[in-house]
Amino acid sequence: MKWLKPAVVFLVCCISAILWCIHAVQAPFFNEDTRRTEAYLRAMYDKLAPDLQQERRLAKAYWRRYPDVRENQLWGEDGVLGIKGPADHYRNHGRQEGRTYTEIDWPEDIAQEKKLAQAYWDRYPDVAASAVWGRRSSMGVLGPRDHYRLFGRMEGRHWGE
């Protein structure tokens, strides 16, 4: 019976080695079908996965335009949905409310932007009074250009001094 313990250990080691070899042969390195399937799935994931940097920029723009959403417990900056919140709000409510879900154009020269914003507000009092693009909005001097880009151009409004 002294031989039983070493025989069992040897048998377990052999079975383990056989199973390891079987799984190693089925690994993508050796199996062309598995390699192709993994490559296809990786390509589909890369194609369909959202660009999180883009999602973050869109979320910040939406929160900047719409403080009521920014402060919301579900869709807001500190909300349960995180950066997915603004997209969810826009799909379920914002689109019907006439809100916009696009990035904000950031000017290179903020002093020049202030002058252009003031001229736009002076020319269009309805924009100046707007809760989203007006003088007292959370957009500040970015509001007039944003309004012009999204709506004003199509409405025939003029941008510039």
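Residues numbered from 1 in each chain as written. Predicted model: local features only at pLDDT ≥ 70, side-chain atom pairs only at ≥ 80, totals over all residues. Heavy atoms only, no water.

**Points about the pattern of salt bridges**
When their charged atoms lie close together, side chains carrying opposite charge are able to pair. Let me state the cut-off plainly: The term salt bridge refers to a pairing of a side-chain nitrogen on Lys or Arg with a carboxyl oxygen on Asp or Glu at a separation within 4 Å. Summary of the burial criterion: residues with accessible area below 20% of their type's maximum are buried, those above 50% are exposed, and those between are partly exposed, where the area comes from a 1.4 Å probe applied to protein chains only.
Under the definition given, this model contains 15 salt bridges. With a closest N to O distance of 3.5 Å, glutamate 71 and arginine 70 form a salt bridge. Residue glutamate 155 is joined to arginine 157 by a salt bridge in which the shortest nitrogen-to-oxygen separation is 2.7 Å. Residue classification places glutamate 155 among the partly exposed positions, given a relative accessible area of 47%. One network of salt bridges, in which partners are shared, links Arg65, Asp105, Asp146 and Arg149.

**Observations regarding the packing of helix 3 (residues 52-65) against helix 5 (residues 85-94)**
Our working definition: Fitted lines through C-alpha atoms give the axes, limited to the stretch in contact for helices. The angle between two N-to-C directions lies from 0 to 180 degrees. Only DSSP runs of H or I with at least four residues qualify as helices, and only runs of E with at least two residues qualify as strands; both kinds are numbered from the N terminus onward. Roughly parallel means an angle under 35 degrees; roughly antiparallel, over 145; roughly perpendicular, 65 to 115; everything else is oblique. When checking whether two residues touch, look at their non-hydrogen atoms; a contact exists if any pair is within 4.5 Å. Here the nonpolar group is Ala, Val, Leu, Ile, Met, Phe, Trp, Tyr, Cys and Pro; Asp, Glu, Lys and Arg are the charged ones; every other residue, Gly included, is treated as polar.
Running from N to C, helix 3 and helix 5 cross one another at 60°; their axes reach a closest spacing of 9 Å. Judged by the angle between their axes, helix 3 and helix 5 are oblique. Here Glu55, Ala59, Tyr62 and Trp63 of helix 3 come into contact with helix 5, specifically with Pro86, Ala87, His89, Tyr90 and Gly94. Its residues assigned to classes, the contact of helix 3 with helix 5 shows six nonpolar, two polar and one charged.

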